[in-house]
Each structure stands twice: as structure tokens, then as C-alpha cells.
Amino acid sequence: MEKVAIVGSQRVPFVKSFTHYLRTSNQDMLTACLQQLVARYKLSGERLGDVALGAIMNRSTDWNFARECVLGSGLDPHTPGYNVVRACSSSLDAAVQIGLRIKAGQISSGIAGGSDTNSDLPILFSKQFSWKMIALRQAKTFGERLKVLASFRIKDLSPVYPGIVEPRTGLSMGQHTELMVKEWGISREAQDELAYHSHMNAEKAYQAGFFNDLVFPYKGVTKDTIIRPDTSLEKLAKLRPAFDTSGKGTLTAGNSTLYSDGAAAVLLASESYARERNLPVLAYLEDAESAAVDYVHGEGLLMAPTYAVARLLRRNNLTLQDFDLYEIHEAFCGQVLCTLKAWEDPAYCQKLGYDQPLGSIDRRKLNTTGGSVAIGHPFGATGARILGQTAKMLHERGGGRALISICTAGGMGLVAIVQR
């Protein structure tokens, strides 16, 4: 079977929502990412095997937006494209799907990516409004149309904004994470410390030029705008809880991801395709695993990666300590710390099928070039951002193995092994 080479990645700077990318769509941002990949790797007019792109906050009219991005990319228009949606792991899942097809020999090249924006929200009207509009369209006589028009009420015109809440619990992701950190005894201080290191690592990576060939200027922005090089533990400690205001809350705007806009894409290929075209191979996408938890009946909403990692390790005859880098998506610093603590807990790891705890990791290897709290978290883009970032780190190290872990809404998680 073919090895899945990660050739390179490109992304726009991630920005705080409702700022720099107003009136900029997912299609706009992702098309720009594809264009940059096409230019960098001389793919103009080339037909790739497939392109898989993900976005969560997307309009219903953008049902085929991946194909539209392809048609604006400079690739051969015979290149197909399709949409992928698995919440915050959408673009990593896109890469896994493209990778599996490369490994099976069905295709030899492909692009995976994702985007999300809160600055171009798909705002809807109520179901009652939609139903009445359909009835109005179906009305055959003037009298029938008047009857439908008379049924409209002012409240029918109230817009419906997308909500980041779990339909089965009515709780937001932040509220669910508050329950998790209370269950696992994660302190506010520990969350703020992880957030501080996320910002410091991201800024250090920028100062070292790490992101120079990963992030391209877009809409007048040249750098991720959420990174705070001047933050401190003292400043973080002054922020008020954002989700639990009862006096017991510990999640703040400082140790949680902010609403973000951005897009990222990764070029994948078989090893032979890369060699024939003299393309670089930064690292290889080795394996992946998805999982879900029963959060409706009490399991932590964002704990699914603990199950996925356990199964992935067992299948690959690895231990949790057999990695040189750990890239754990920081939806919330509290969620990362719950995951790490669960792997150290004997009783919890028995649920994962282990007689002993998976153990602790070397925290110096965690999110070493910045995590989502500092860089930002455009939902559909994070997986591609992390995959491209990780591949470059392994390339610069000259080798090694990395574990990627992404938690998602719906109580799901996706994890992967990247190796060079």
C-alpha cells in the first residue's frame, strides 16, 4: 500500500470574528488557500485525484462549495471536490479520507482543507416563516395567496442565528467543559498557565519565522491576530468566567478559544507521486481513529479523544509516551487538562480497555508552536492547520512521531499519527 505523504500546507491568518474578514465567505478563503497551494507546488492545470473541504458555518446554498473552490483554484477543472462535515475535526477528517484513498491506490494526490467564519453567518428565518413561504408559492388562486399572507406574524420575521449548543442538552460547549473541569478537579490556575504557554509558543514560533511559509497575507492581514505576546498569568487571572457566573466558573475568554475566522488546506500525495514530481515530503499521515462518548448520559462532551487515542495506540503497538510531539486541540485549556488527567487515571483507563493508566506526557512536547487558544479556532480549518503545522515541525526536527488529537461537538473526537 502507498504511504501518504504530506507535501505542504497553506492557510490564511486566523483572525477574531467580526473584524478583518467581514463579508468574506468560506469559499473566498478556501479558494485563496487552494490557489496558494497550486502556485507553490506548480499544480496549475493539473488534475488531482480529489479535493475534500469542510466547513460548519456554511450556507445551504453552498451545498457544493468544495467543487466551487476547485473551479476557482487554477487546478484542472476535471478535478472533483466534495464537502466534509465532522464538526471541529472536519478538515482532519478530510485529510484522513483523502489519505485512505491514496493508501488504497484509488488516487495519487489530493487536497484536504477547511474553513469557517462567524463574520458571514448563514442567518435563517424561523421554520414557520419557511413553511408559510412554501405555502405562498404553492397557492394557486389570489384568495389562497391572501389567506397565506394574512397568516404571517411579526415574530415570523425574527432571524434565527446559528447556536453553538448541543441540541440534546441545550448546553454550550463551554458549559459542558465547566462540568468536565469540575468533575476532574482542574483549577483555574492550571488552565491559565496552559493558555499562557499557548500564546508564548505561538509568538516564539512567529519570531523564529516558523509560519513564514505556512501563512500567507490575506485581506491586509499577515499574522494571526489573536496571539497575545504581552499576556501574563496576572492578566489572565483578572478575566471573569465566561460560562459559569455563579462564582464557581473557571473558563474565561483567556483560557478558551475565541470565535475565529480562517481557512487552511493541505496537499497530500502518494510517495511515488511526490518523487516523480520532485515534491517535498514533510512527513507521513500514518493512521487515524475516531470515537464518540455518551455525553447525553453524563460522559464529558469533549472526552472522546481519550477513547480514540487508546484504540489507536493499541492498533499500532505504541504507548502514550512514544511520541516526540503532541498536538492537542485547545478548544478550552480545561478540556486539554481533563484529557491528560484521564489518561493518568487507573479507573478511567480501565474503561479504555487498559489494565494500567496510559500515563502522563512530557508537557514540553505539547503544542510547541502554539495551540488553538492563541492561534484561533475557525471550526472547519483547525484540523488542516494542525496537520500542516505538525508535518513541518517533524520535517524541521529531521524525524519523529506526533500525535494529533481533536475533540468536537456532538461528543466526538478524531486523532491521528503523523511520522517522519
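Calculation notes
- Residues numbered from 1 in each chain as written.
- Predicted model: local features only at pLDDT ≥ 70, side-chain atom pairs only at ≥ 80, totals over all residues.
- Heavy atoms only, no water.
- Helix = DSSP H or I, 4+ residues; strand = E, 2+ residues; numbered from the N terminus.
- Rg over C-alpha atoms; globule rule 2.2 N^0.38 Å.
- Buried < 20%, exposed > 50% of the residue type's maximum accessible area, 1.4 Å probe, protein only.
- Pairing = 2+ DSSP bridges.
- Salt bridge = Lys/Arg side-chain N within 4 Å of Asp/Glu carboxyl O.
- Contact = heavy atoms within 4.5 Å.

Description of the overall build of the protein chain
Looking only at helices and strands, the protein chain features 14 helices and twelve strands. A compact globule built from 420 residues should have a C-alpha radius of gyration of about 22 Å, and the protein chain, at 22 Å, falls within 12% of that. Seen along its three principal axes, the alpha-carbon backbone of the protein chain occupies a region of about 75 × 60 × 45 Å. With 420 residues in all, the protein chain has 57% of them scored as buried.

Quick notes on the pairing of strand β11 (residues 401-408)
With eight of its eight residues buried, β11 lies for the most part within the structure. Of the two faces of β11, both are covered, the one formed by R401, L403, S405 and C407 as well as the one formed by A402, I404, I406 and T408. As paired elements, strand β10 (residues 325-328) and β11 share four bridges and run parallel to each other. Opposite I328, over in β11, you have S405 as the bridge partner. Two elements, β11 and strand β12 (residues 412-419), share eight bridges in a ladder whose sense is antiparallel. Across the sheet, the residue bridging to I404 is A416, located in β12. Hairpin geometry of β11 and β12 is characterised by an intervening segment of three residues between the two adjacent antiparallel strands and by a positive phi of about 80° at G410.

A look at unusual backbone geometry
The backbone phi angle of R23 is positive, close to 60°, even though this residue is not glycine. Among the secondary structure elements, R23 is positioned in the loop between β2 (15-16) and α1 (26-40). Its identity is not glycine, yet K42 carries a phi of approximately 55°, on the positive side. Relative to the elements of secondary structure, K42 occurs in the loop between α1 and β3 (50-54).

Digging into the pattern of salt bridges
One pass over the structure, following the stated rule, counts 19 salt bridges. Here the salt bridges share partners, and the residues they tie into one network are D287, E289, R311 and R315.

A closer look at helix α11 (residues 333-343)
In terms of burial, α11 is a largely internal element, ten of the eleven residues being buried. Within the sequence span of α11, burial applies to C333, G334, Q335, V336, L337, C338, T339, L340, A342 and W343.

Here we look at the environment of T382
Assignment of secondary structure puts T382 in helix α14 (residues 382-397). The class of T382 is buried, set by a relative accessible area of 0%. Separated by 107 residues in sequence, T382 and R275 place their C-alpha atoms 28 Å apart. Beyond its immediate stretch of four places on either side in the chain, T382 contacts C88, S91, H329, S372, G376 and H377.

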